[in-house]
Amino acid sequence: MNPTPTVLIGNVTAEPELTFTTSGQARLSFSLACNYVWYDQAGEKQEKVSYFNVVAWRYVAENAAKTLEKGIGAIVIGRLEQRSYDDKEGNKRSTVELIADEIGINTRAIETVTRRQKAEGGSAPSNGGARRSKPTTGRVPAGVGAD
């Protein structure tokens, strides 16, 4: 694990792009929108959105590509890395990316979407707002089926 980790919590802004290097290494890239909300002196809600580029490699990239999609909440732990490149006009550019060590799904964000859909009178998807199915535990609540 990185000795100085950076944690970002936000929403994936577009479908993540999974590519492979010539040597077969998986590389996943996506952008994360992170909202900062505060209340000003007048009590008005203020919000600022910051966008961060995220890059994951190897098994982290392949596993995250199976679950990440546009709009889903994600929690990314990694390290910040600056790199330079030449743009189309030949100008030297620099960018900072979060190199992901771990990527997780923010289930709180899925719950918020589900609650909002119910409040608006729509029916929430049976799988909690995501395209994946809910895990089942096989447990029976106390008192159910007991005679």
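Counting of residues starts from 1 at the beginning of each chain's written sequence and follows it residue by residue. The predicted nature of this model means local features are confined to residues of pLDDT at least 70 and side-chain atom pairs, given and counted, to a pLDDT of 80 or more, with totals for whole chains, interfaces and linings taken over all residues. Derived side-chain values reflect all non-hydrogen atoms in the structure, with water molecules and hydrogen atoms excluded from consideration.

Enquirer: Give a description of the overall build of the chain that names residues and reports values.
Expert: Helix and strand assignments follow DSSP, with helices taken as H or I runs no shorter than four residues and strands as E runs no shorter than two, numbered in order from the N terminus. Within the chain, the regular secondary structure consists of two helices and six strands. N-terminal to C-terminal, the α/β element order of the chain is β-β-β-β-α-β-β-α. When the 147 residues of the chain are sorted by exposure, 26% land in the buried category. Restricting the contact set of the chain to residue pairs at least 6 apart, pairs at least 24 apart contribute 53%. A simple rule labels every residue: compare its accessible area, found with a 1.4 Å probe on the protein chains alone, to the largest value its type can have, and call it buried under 20%, exposed over 50%, or partly exposed in between. The contact criterion used is simple: two residues touch if any of their non-hydrogen atoms lie within 4.5 Å.

Enquirer: Any details on the pattern of salt bridges? Residues and values, ideally.
Expert: Salt bridges are defined by distance alone: a side-chain nitrogen of Lys or Arg within 4 Å of a carboxyl oxygen of Asp or Glu. Applying the stated criterion across every chain, the model contains three salt bridges. Notably, a salt bridge pairs Glu81 with Arg79, separated by 3.0 Å at the nearest N-O pair. Classification of Glu81 as partly exposed rests on a relative accessible area of 33%. Here Glu97 and Arg83 are joined by a salt bridge, their closest N and O atoms 3.1 Å apart. Taken as a pair, Glu97 in strand S6 (residues 92-105) and Arg83 in strand S5 (residues 73-86) lie far apart in primary sequence, 14 residues in all. On the basis of relative accessibility, which here comes to 8%, the residue Glu97 falls in the buried class.

Enquirer: I'd like to hear about the environment of Thr6, residue by residue, with values.
Expert: Along the chain, Thr6 turns up in strand S1 (residues 6-12). For Thr6, a relative accessible area of 22% translates into the label partly exposed. Along the chain, Thr6 and Val76 lie 70 residues apart, while their C-alpha atoms are 8.1 Å from each other.

Enquirer: I'd like to hear about the pairing of strand S3 (residues 26-39), residue by residue, with values.
Expert: Within a regular beta strand, the side chains point alternately toward one face of the sheet and then the other, so they alternate between its two faces. Strands pair, by our definition, only if DSSP identifies at least two bridges between them. As paired strands, S1 and S3 are joined by two bridges and run antiparallel to one another. Counterpart to Val12 in the pairing with S3 is Leu32. Pairing of strand S2 (residues 17-20) with S3, which is carried by four bridges, proceeds in the antiparallel orientation. Bridge pairing in S3 links Leu18 to Leu28. In this antiparallel pair of consecutive strands, S2 and S3, the connection spans five residues, and Gly24 shows a positive phi of 95°. Across 13 bridges, the pairing between S3 and strand S4 (residues 45-57) is antiparallel. Bridged to Arg27 within S4 is Trp57.

Enquirer: Hey, could you go over the confidence of the model for the chain for me, with residue numbers and the actual values?
Expert: The predictor reports its confidence for every residue as pLDDT, a score running from 0 up to 100. With 73% of its residues at a pLDDT of 70 or more, the chain shows a mean pLDDT of 81. Predicted confidence in the chain is weakest over helix H2 (residues 107-119), with a mean pLDDT of 64, and strongest over S2, with 96. Low pLDDT, under 50, characterises residues 124-147; the predicted model gives this stretch 19 contacts beyond four residues in sequence or across chains.

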